[in-house]
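Single-letter residue listing:
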Amino acid sequence: MKLTPTPITAAITGLFAGIVMPLVWPHLGEETLNWVFAFLLVIALPMHVLVVGFNVPRESRPAGALDVALLKRVMIWLTTAVATLALMKILLA
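Procedures and definitions
Residues numbered from 1 in each chain as written. Predicted model: local features only at pLDDT ≥ 70, side-chain atom pairs only at ≥ 80, totals over all residues. Heavy atoms only, no water. Helix = DSSP H or I, 4+ residues; strand = E, 2+ residues; numbered from the N terminus. Buried < 20%, exposed > 50% of the residue type's maximum accessible area, 1.4 Å probe, protein only. Contact = heavy atoms within 4.5 Å. Areas by Shrake-Rupley, 256 points an atom, 1.4 Å probe, with all protein chains shown as cover. Core = buried A, V, L, I, M, F, W, Y, C linked by side-chain atoms within 4.5 Å. Patch = residues over 30% accessible without salt bridge, like charges linked within 9 Å, V, L, I, M, F, W, Y side chains within 5 Å. Salt bridge = Lys/Arg side-chain N within 4 Å of Asp/Glu carboxyl O.

Caption draft 1: Spatial organisation of the overall build of the chain. A count of helices and strands for the chain gives 3 helices and 0 strands. Along the chain, from the amino end to the carboxyl end, the secondary structure elements read α-α-α. Oriented by its inertia axes, the alpha-carbon framework of the chain measures out at about 50 × 30 × 30 Å. Evaluated residue by residue, the chain yields a buried proportion of 25% over its 93 residues. Considering only intrachain contacts with a sequence separation of at least 6, the fraction spanning at least 24 residues in the chain is 72%. Total accessible area on the chain is roughly 6800 Å²; 74% of this is exposed by carbon and sulfur atoms.

Caption draft 2: Structural detail: the nonpolar core. With 10 residues, the main nonpolar core is built from Ala10, Ala17, Met21, Leu28, Ala38, Val42, Ile43, Met47, Val51 and Trp77. Every element with two or more residues in this core is listed here: helix H1 (7-24) and helix H2 (32-52). Among the elements that line this core, the one with the most residues is H2, at 5 residues. The residues touching Met21, leaving out its near neighbours within four places in the chain, are Leu28, Ala38, Val42 and Ile43.

Caption draft 3: A nonpolar patch on the surface, seen in detail. Nonpolar side chains collect at one region of the surface, where Leu33, Val36, Phe37, Phe39, Leu40, Leu41 and Leu45 lie side by side and expose about 660 Å² of accessible area between them. For Leu41, the location among the structural elements is in helix H2.

Shown next, in the form of structure tokens:
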């Protein structure tokens, strides 16, 4: 199954991270390994799969040029995650 990162998958990933991380956060404790696993499973892995992607196309861009589509997906992911965190803070308060 090939997953192609899109702005929709980036938004879903931000929504997932924004909902799950505040719920997991209080249960992590002081153990550093718990924090590493939580970050990997809730933020890093979904972000890499659904925002960056595994099969990055090698388009003919000049050296040093920005990947505008990737930049747009990352901004959507961050914006959605922050907005969801703010909403979760309001709802859980």
